[in-house]
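# Remarks on the overall topology
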Amino acid sequence: MEIILSPYPHTLTASSKKLHGWWPGRRECTGERLLINPYNGCSVGCFFCYARSFPGNFQRWHTQGVVNVSKDFPAQVARQLDRLRVVSCGYLSPVSDPFQKVNERYGYSEKIVEIFVERNIPINVTTKCVIPEKVIKFLSLQQHSFAQVSILTLKENLRKVLSPGGTHTQNLLENFARLRMYKVFSVARIDPIIPYLTDNLKDIEKLVDRVVERGANHIIVSVLDVPVRIKDYVWEKIKVNFGKETLLKLMALYKERIGPYLHAEISYRREIFSALKEIVSSRGVTFALCMEFERVGERLRGLNREFMTSANCDGMDVPIYVRKNFRFSPAYSCKGNCLNCEEALCGIEELAMGKPGSRKDWKFSDYRRWSKMLE
Ligand code: SF4
Ligand code: SF4
């Protein structure tokens, strides 16, 4: 397969990928989303990225640094949306950065945002890069669209080690100011906090102040989880960049295994979440955790029921949308926190996942089924 070197090593392959909802397994994400991944692999290159443990193209990216681009993906997305009568907010992208290097050549992320917005379907972008002006303008045209900016530290030297292919800290902060200028809801993701590297509370407090000053409306935090499959790789990176002593402290903290991930001890996580909930709330913005669980006997319990101060984990209340003609409109004026909803006033019974035993992983075929039901 030909490897195209510019602007970042990648392959361009045909794909029949479908839009889909959250994956099976543990879920804390309250709102339903259509996950969109035009690129597999990511030139931002965070050494702790959980996508490094994924199979297929992600393994090639992890071991050889080659990203895969799904050929003509925006057109495929448009065709799929045009077959639906019911949609949820798009999520660009859960497993790679939408504004990474290859996007300079293909511009798929801009095209996908445009495709959603021209149909009046909400979309959210999540990034550690500069959000193109054109994307911010599109987001500003759609009532429930928003942006999430990942920012782990204010220390630029540390940022360069953690996310070497991401943009400068100053540009990350500017993203918030630019979003505010266009009145686009913005989320600061301090996600993950890396114990002993970025967990100094005074430093995080300063970071919260900087992003809130520039307009962040909501803050999400998590503490680093280490996929067991790439644990040796992560530990080696820590040792090389931060020394053996830091590594030993980290290894001692990461004793708890939940599924395929190692987690920091629950007492450490609880302490940091309690302090940050207070700090963030005192700044007048909402707060939530991303995919944080604790063991209660044999069961896992999501920590957001205790720490989240918003209705939805990403801070934005986005209902399900239904087709009117070419364009879509909100199905019902709810908060869109389907995971906790017990009464599907939007008309899609299965989406109210607050009922015990509900299914939580939805596929394109489910959206098609609901669309036919609405017809
Ligand atoms: S920006 Fe996100 S997807 Fe890209 S390497 Fe970093 S953690 Fe992974
Ligand atoms: S009514 Fe309930 S199930 Fe339907 S979109 Fe709103 S929160 Fe989700």
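Please refer to the structure placed before this passage.
Our subject in this report is the structure included herewith.

## Topic: the site of ligand 2
Around ligand 2 sit I320, C334, G336, N337, C338, C341, E343, L345, C346, L351 and A352, and those are all the residues in its vicinity. Class assignment of the residues belonging to the shell around ligand 2 gives a composition of 8 nonpolar, 2 polar and 1 charged.

## Considering unusual backbone geometry
In this structure, the amide linkage connecting S6 to the following residue, P7, adopts the cis form with an omega of 0°. Note on placement: P7 falls in the segment before β1 (10–13). That bond from D191 to P192 is cis: its omega, 10°, falls within 30 degrees of zero. Within the secondary structure, P192 sits in strand β9 (residues 185–193). Although it is not a glycine, D72 adopts a positive phi angle of roughly 55°. Tracing the chain through its elements places D72 in the loop between β4 (67–70) and α2 (73–81). A positive phi is found at Y196, a non-glycine position, where the angle reads about 70°. Here Y196 lies in the loop between β9 and α8 (201–214). Look at Y196 and you get partly exposed, because its relative accessible area is 32%.

## Brief notes about the pairing of strand β2 (residues 33–36)
Here β2 shows no split at all, with R33 and L35 on one side and L34 and I36 on the other all buried. Looking at chain direction, β2 and strand β6 (residues 89–92) are connected through 4 bridges and run parallel. Of the residues in β6, the one forming a bridge with L34 is G90.

## Considerations on the site of ligand 1
In the neighbourhood of ligand 1, the contacting residues comprise C42, V44, G45, C46, C49, V95, S96 and K128. Residue composition of the shell around ligand 1, by class: 5 nonpolar, 2 polar and 1 charged.

## Quick word on helix α10 (residues 244–253)
Three or four residues apart is the spacing at which side chains of an α-helix point the same way, because the helix has 3.6 residues per turn. Buried within α10 are the following residues: T246, L247, L250 and L253. The buried residues of α10 all sit within an arc of 125° when viewed along its axis, so they share a single face. Turned more than 90 degrees away from the buried face of α10, the exposed residues are K244 and E245.

Quick notes on the rules
- Residue numbers run consecutively from 1 along every chain, following the written order of its sequence.
- Note on labels: chains are lettered from A, ligands numbered from 1, in written order.
- Confidence filtering applies because this is a predicted model: local features only for residues at pLDDT of at least 70, side-chain atom pairs given and counted only at 80 or more, and all residues used for totals across whole chains, interfaces and linings.
- In computing side-chain values, all of the structure's heavy atoms are included and hydrogens and water are not.
- One heavy atom within 4 Å of a molecule or strand makes the whole residue count as near it.
- In this classification, the charged set is Asp, Glu, Lys and Arg, the nonpolar set is Ala, Val, Leu, Ile, Met, Phe, Trp, Tyr, Cys and Pro, and all remaining amino acids, among them Gly, are polar.
- For helices the rule is a DSSP run of H or I covering at least 4 residues; for strands it is a run of E covering at least 2, with both sets numbered from the N terminus onward.
- The cut-offs for exposure are 20% and 50% of the maximum accessible area for each residue type, with area from a 1.4 Å probe on protein chains only; residues under the lower value are buried, those over the upper are exposed, and the others partly exposed.
- Following DSSP output, two strands are said to pair if at least two bridges run between them.
- Think of it as the arc spanned by the lines of direction from the helix axis to the C-beta atoms.

The values reported here are purely geometric and, on their own, carry no functional implication.
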